[in-house]
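What follows is the residue order along each chain.
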Amino acid sequence: DLGLDTEQFMADLESEAVVEAVASDYQSGLDIGVQGTPAFFMDGEPFVGPTDFNSMSTLMNLLLLDEIQFSECPPMEIDLNKEYYATMHTAKGDITFQLFPDKAPMAVNNFIFLAQNGWYDDTTFHRVLPGFIAQGGDPTGTGYGSPGFAYGIEVSPDLVFDREGLLAMANAGPTSNGSQFFITHDNPDIIQLSGQYTIFGIVIEGMEVVYELTPRNPSADGVIPPPGDALLGITIEVK
């Protein structure tokens, strides 16, 4: 019914050359760790984790991130006596911040370094929780990516999470600041973040854009979030 050449098929099935080829391929699979089909390998290593699209996409993005990561923190190059401003150019409009080099010199220095080296170009606001924060700064869009270096938090007694528009470093612990940042919404509960995250700037123009960013929570179980809004790039101004 399939139009198969049954004589050729039977000849191949019994052919010593075909049997040897199949046996060789089978042994090659065993040698590299194939346990069954389908089998997945990432960067030459067997992969035994979840194989749904979102999981595989996340892992591939993280593997590719090492092509643009840095090996160490950049040298301190900002002038603490100057004023620094950063404008995020987003798909929804511009957001301009005044940075706080005197309060958080490491965060400001590293943020400016990454911005000027294109790290934030064409990334996304991957976590936007209405009434709480908008988070970005990860080229993988997963929330797991880092620039290849990490540094400690800087807490100033003059700065607490008591207002909207604060620009702060996201982290997974006191020594894990990297490239991810968040912007606060107007919510009295954000005061609980004080002392745990570095505040290094504040919105001076474009707060309405922050509130227009598309809500999404990549950590929500069983929910595929909508695409995040693009962060096209960041412009730094020094006065």
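Scroll up to find the structure.
Residues numbered from 1 in each chain as written. Predicted model: local features only at pLDDT ≥ 70, side-chain atom pairs only at ≥ 80, totals over all residues. Heavy atoms only, no water.

Brief notes about the environment of Asn81
Reasoning step 1: Structurally, Asn81 can be placed in the loop between helix H3 (53-65) and strand E3 (84-90).
Reasoning step 2: Owing to a relative accessible area of 76%, Asn81 belongs among the exposed residues under this scheme.
Reasoning step 3: A C-alpha to C-alpha distance of 8.4 Å links Asn81 and Pro101, two positions 20 residues apart in sequence. (Helix = DSSP H or I, 4+ residues; strand = E, 2+ residues; numbered from the N terminus. Buried < 20%, exposed > 50% of the residue type's maximum accessible area, 1.4 Å probe, protein only.)

Concerning the layout of surface pockets
Reasoning step 1: Reported here for the largest pocket is a volume of approximately 970 Å³.
Reasoning step 2: Forming the walls of the largest pocket are 41 residues, and the residues nearest its centre are His126, Thr142, Gly143, Tyr144 and Pro218.
Reasoning step 3: Contributions of two or more residues to the lining of the largest pocket are made by H3 and strand E7 (133-136).
Reasoning step 4: In terms of residue count, H3 provides more of the lining of the largest pocket than any other element does, six residues in total.
Reasoning step 5: Counted by class, the lining of the largest pocket contains 17 nonpolar, 22 polar and two charged residues.
Reasoning step 6: Considered as a void within the structure, the second largest pocket measures approximately 150 Å³ in volume.
Reasoning step 7: Around the second largest pocket, the lining residues are Pro74, Pro75, Glu77, Ile78, Tyr84, Asn109, Ile112, Phe113, Gln116, Asn117, Ile236 and Val238.
Reasoning step 8: Only helix H4 (105-116) and strand E11 (230-238) provide two or more residues apiece to the lining of the second largest pocket.
Reasoning step 9: With four residues, H4 is the largest single contributor of residues to the lining of the second largest pocket.
Reasoning step 10: A class-by-class count of the residues in the lining of the second largest pocket yields eight nonpolar, three polar and one charged. (1 Å grid on protein atoms, 1.4 Å probe; cavity = no way out; pocket = protein on both sides within 12 Å on 5 of 7 lines; lining within 4 Å. Points joined across faces, edges and corners; volume = space filled by probe spheres on them. Nonpolar A, V, L, I, M, F, W, Y, C, P; charged D, E, K, R; others polar.)

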